[in-house]
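Examining the three-dimensional arrangement
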Amino acid sequence: MKVLRIKVLRESWKYFHEGVKMSEYRFFATVYDRMMSDIPYDDWEQYILQLLYRGGVPPQACITELGCGTGIMTRKLAEAGFRMTGIDLSLDMLRVAEKSEADERILLPDKSEEGSGAVRYLCMDMRDFSIDQKQDAIISIADSVNYLLTEEDMYRMMKSVYINLKPGGIFIFDLKTEYLYKQFMHGRTFRENMGDFSYVWKNIYDDERHIHHYYLWFRYKKKGDIGRWHTAREHHRQRVFGAEDIKQAAKQAGFRRAWVYDAFTFDKPRKNSERIYVVLRKDNE
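As the structure is a prediction and not an experimental result, all values here were calculated from the model.

Another aspect to go through is the nonpolar core. As a rule of thumb, nonpolar side chains are buried together in soluble globular proteins. If you look at the biggest cluster of nonpolar residues, it comprises 54 residues, and the most contacted ones within it are Leu52 and Phe218. It is helix 3 (residues 41-54) that provides the largest number of residues to this core, a total of seven residues. If sequence neighbours within four positions are ignored, Leu52 has contacts with Val57, Ile63, Phe82, Ala137, Ile170 and Ile172. Of all hydrophobic cores here, the second largest spans 26 residues; its members include Ile131, Phe173, Phe241 and Ala250.

As structure tokens, this is what we get:
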């Protein structure tokens, strides 16, 4: 992925979405795994497993992933023996997840319908979801929670998590920090030609509203089309939440115990932490 550092004016982005209806994770969903191929999912899984075991989550526990996207982590944890449910608001992402699940079953036909390797996917809003049985743990990784844009959104999500957890269950989620958005992403443009499609990915951080904007422009070919190119545009927004925002939402939702870590460690967050992990436990009733 090539990175171009440029000076960006917010006004210059009006042309990008003016008169164009854009939504999140439509065409992007179909190429997401290819664009994010550098994410070290195996390392992330090992860290999640450590958090689960430190939190007392037993083997073969029921776990739900919020914002599961294309389901890579959901399936990895299923392979580790957990009974997994993946929830996402994007049908396009879930279609990719279900296709990947089906493809893996063809490659590994000994997978049973239940138990290790089996995943169910549900299209639901993380702010208002309901699962048919209480979960031992609920997780959300890859900054899915940053897609919540208000303190009310954060509270509603926390409350839904609390309701769907077993007593003693834990909620693990990560967040990108303002430091990362401001120091490493604001004003940067990523672009790459991947053969059958190319993209431009521009970033703007709104310091006043604490909202980071991703503007994506795709140029791609459809199967069967010869010499014809199509375009797609998407606008994604992510919110920075401070410690007090998280604490207030968690407390209001009913959580009383919390641990916060600098990502992929068990150290306290630093001023220059780029990502943090939060672990909340529901009290035994």
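So, on to the pairing of strand 6 (residues 165-176). Taking burial as the measure, the 12 residues of strand 6 include 10 buried ones, the bulk of the element. Taken together, the five bridges between strand 5 (residues 135-140) and strand 6 define a ladder with parallel strand orientation. Note on strand 6: the bridge partner recorded for Ile139 is Ile172. This β-α-β element, strand 5 to helix 6 (residues 151-164) to strand 6, shows right-handed connectivity.

This brings us to the pairing of strand 8 (residues 197-206). Within a regular strand, the side chains alternate between the two sheet faces. Of all 10 residues that make up strand 8, nine are buried, and the element is covered over most of its length. Pairing analysis gives five bridges linking strand 7 (residues 188-193) to strand 8, with the strands arranged antiparallel. Looking at strand 8, one finds that Thr189 is bridged to Lys202. Joining the antiparallel neighbours strand 7 and strand 8 is a turn of three residues, in which Gly195 adopts a positive phi near 90 degrees. One ladder, built from 10 bridges, connects strand 8 with strand 9 (residues 211-220); its direction is antiparallel. Residue pairing in the sheet places Asn203 in a bridge with Tyr214 of strand 9. Following strand 8, the chain reverses through four residues before pairing antiparallel with strand 9; His210 in that reversal takes a positive phi of roughly 60 degrees.

Each value, and the rule that gives it
- Residues numbered from 1 in each chain as written.
- Predicted model: local features only at pLDDT ≥ 70, side-chain atom pairs only at ≥ 80, totals over all residues.
- Heavy atoms only, no water.
- Core = buried A, V, L, I, M, F, W, Y, C linked by side-chain atoms within 4.5 Å.
- Buried < 20%, exposed > 50% of the residue type's maximum accessible area, 1.4 Å probe, protein only.
- Helix = DSSP H or I, 4+ residues; strand = E, 2+ residues; numbered from the N terminus.
- Contact = heavy atoms within 4.5 Å.
- Pairing = 2+ DSSP bridges.
- Right-handed = clockwise from strand over helix to strand, strands pointing away.

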